Structure formats: structure tokens, C-alpha cells
Amino acid sequence: MAAPGRMRCMYIFNRNGVCLHYHVWYRPLTTLSPQQDQKLMFGLLFSLRSFTVKMDPTSNNKGHLGVPQLPGQGCSFHAFTTNTYKLSLLETPSGIKIVLVTDPGMGDLREALRYIYSNIYVEYVIKNPLYVPGEHFRCELFNAALDQYVKTLK
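On a predicted model such as this, the values are computed, not experimentally measured, just so you know.

Participant: Is there a simple way to think about the packing of helix α2 (residues 110-126) against helix α3 (residues 140-150) in this case?
Facilitator: Any two packed helices are characterised by the angle at which their axes cross and by the distance between the axes. Put simply, α2 and α3 touch, their axes get as near as 9 Å, and they point 155 degrees apart. When the axes of α2 and α3 are compared, the pair comes out roughly antiparallel. The crossing of α2 and α3 is right-handed. Residue-level contacts link A112, Y115, I116, I120, Y121, Y124 and V125 of α2 to L141, F142, A145, L146 and Y149 of α3. Considering only residue class, the contact of α2 with α3 consists of 12 nonpolar, no polar and no charged.

The following block contains the structure:
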């Protein structure tokens, strides 16, 4: 387990809510099946995204709560912190969502998430000729590069 004191787990979802990858570093208590956990996480992201758009004080065009917005459109959130964890999110223009769950004391992880996307996910998954877009993937090189990188995060 890499960096068990700081990193908890990571999810990668496509725009349709399919969990393409789930990576765990440290999760001492598991109460849901992986499928239930992933479905709950994507539902949370969808709800938070809809809520932030609806509550945006700078836009008159609120749309309808629950109606999906294009990535980068309207108001969005990047992270939230509870007393036990911090959830950080990167949403790409293609609709890929990378979620990193960490220790609540972690700082701003937007640059780290961009690095994971462009230097690890794109390099080891998207450029892999055997990868079928939109399908769950398992790639040892991706996992090794990810583990190596998160060890550097403070």
C-alpha cells in the first residue's frame, strides 16, 4: 500500500458513470460492495455538480436540478473536506472524472489530478492500443506509475 497515511482511494469514471478504474491504498473499513461504492460515488458527484450549478450566484441560467452540464460549463466544485477525508475531483472536457480520496489535511490537489490524467492515465491507458475506450481497465504499468507519483504528494 502506497502512502497509507495520506492517500485513501481513487476512482476514474467515464461520462456515463461507468467506473473505469478503482484503486485502493488504504481503506480500513469497507461496508459496501465495490459496485455499490462506485455507484454511490458517481451519484454524489452528479448531485454535487447539479447543486453547484443550481446555486451559482453569478448565473441567471440555472437550468433544472439534475440535468447534466457539459464539463467546464457553469459553476463546478473541485474538492470538499470532512473531518475524516478529503474528496478532490478533476473533470476533463471528454467527461472523464478522476476522484482522489485522501487524508483531510491534504492541500489543493488540482495540479496533482491534472498530472495523473495527462502523464499517467493518458500515457498508460489511452495510448495503449489494447485499451477499449469506455471499458474497465487493469494495467500494472498504470498502477506502478500512480503509486510512485502519489508517494511524492504531501
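Participant: What am I meant to see in the pattern of salt bridges here?
Facilitator: Close approach of charged atoms allows side chains with opposite charge to pair. Evaluation of the coordinates by the stated rule reveals eight salt bridges. Ionic pairing is found between D37 and R27, a salt bridge with its closest N-O pair at 3.1 Å. Taken together, the residues D37 in helix α1 (residues 34-55) and R27 in the loop between β2 (19-24) and α1 connect sequence positions 10 residues apart. Measuring nitrogen to oxygen at the nearest pair gives 3.4 Å for the salt bridge that ties E91 to R49. Here E91 is found in strand β4 (residues 86-91), whereas its partner R49 is found in helix α1, with 42 residues between them in sequence. Under the relative-accessibility criterion, E91 is labelled partly exposed at 22%. Salt bridges sharing partners connect three or more residues here, namely R6, R8 and D103.

Participant: Sorry, what's going on with the side chain of R8 here?
Facilitator: Take R8: it is sitting in strand β1 (residues 7-13). Using a relative accessible area of 17% as the deciding quantity, one classes R8 as buried. Discounting residues that sit within four places of it in the chain, R8 has contacts with V24, W25, Y26, T84, V101, T102 and D103.

Participant: Sorry if this is basic, but what is going on with the side chain of N14 here?
Facilitator: Looking at the element boundaries, N14 is found in the loop between β1 and β2. Taking relative accessible area as the criterion, N14 reaches 10% and is therefore assigned buried. A polar side-chain atom of N14 sits 2.9 Å from the main-chain amide nitrogen of N16. Excluding residues that lie within four positions of it along the chain, N14 makes contacts with L20, F42, G95, I96 and G134.

Participant: Honestly, the sheet that holds β4 in this entry has me stumped. Any pointers?
Facilitator: Either a parallel or an antiparallel arrangement is found when strands of a sheet pair, and the pairing is made through backbone hydrogen bonds. Read across the open sheet, the five strands follow the order β2-β1-β5-β4-β3; overall the sheet is antiparallel. Either end of the sheet is taken by a strand with one partner, and the two such strands are β2 and β3 (79-81). Strand-to-strand twist of the sheet, defined as the mean angle between neighbouring strand axes without regard to direction, takes the value 10 degrees. Bridge analysis of β1 against strand β5 (residues 97-102) gives six bridges, and the strand direction is antiparallel. Note that in β5 the partner of I12 across the bridge is I98. Strand contacts of α1: β1, β2, β3, β4 and β5, with the helix running at about 75 degrees to β1, the strand carrying the most contacts.

Reading guide: rules and limits
Residues numbered from 1 in each chain as written. Predicted model: local features only at pLDDT ≥ 70, side-chain atom pairs only at ≥ 80, totals over all residues. Heavy atoms only, no water. Axes fitted to C-alpha atoms, helices over the stretch in contact; angles between N-to-C directions. Helix = DSSP H or I, 4+ residues; strand = E, 2+ residues; numbered from the N terminus. Parallel < 35°, antiparallel > 145°, perpendicular 65-115°, else oblique. Left-handed = near helix turned anticlockwise from the far one by under 90°. Contact = heavy atoms within 4.5 Å. Nonpolar A, V, L, I, M, F, W, Y, C, P; charged D, E, K, R; others polar. Salt bridge = Lys/Arg side-chain N within 4 Å of Asp/Glu carboxyl O. Buried < 20%, exposed > 50% of the residue type's maximum accessible area, 1.4 Å probe, protein only. Polar contact = N/O pair within 3.5 Å; in protein donor to acceptor, adjacent residues only side chain to side chain. Pairing = 2+ DSSP bridges.

These figures come from the coordinates and say nothing about function on their own.
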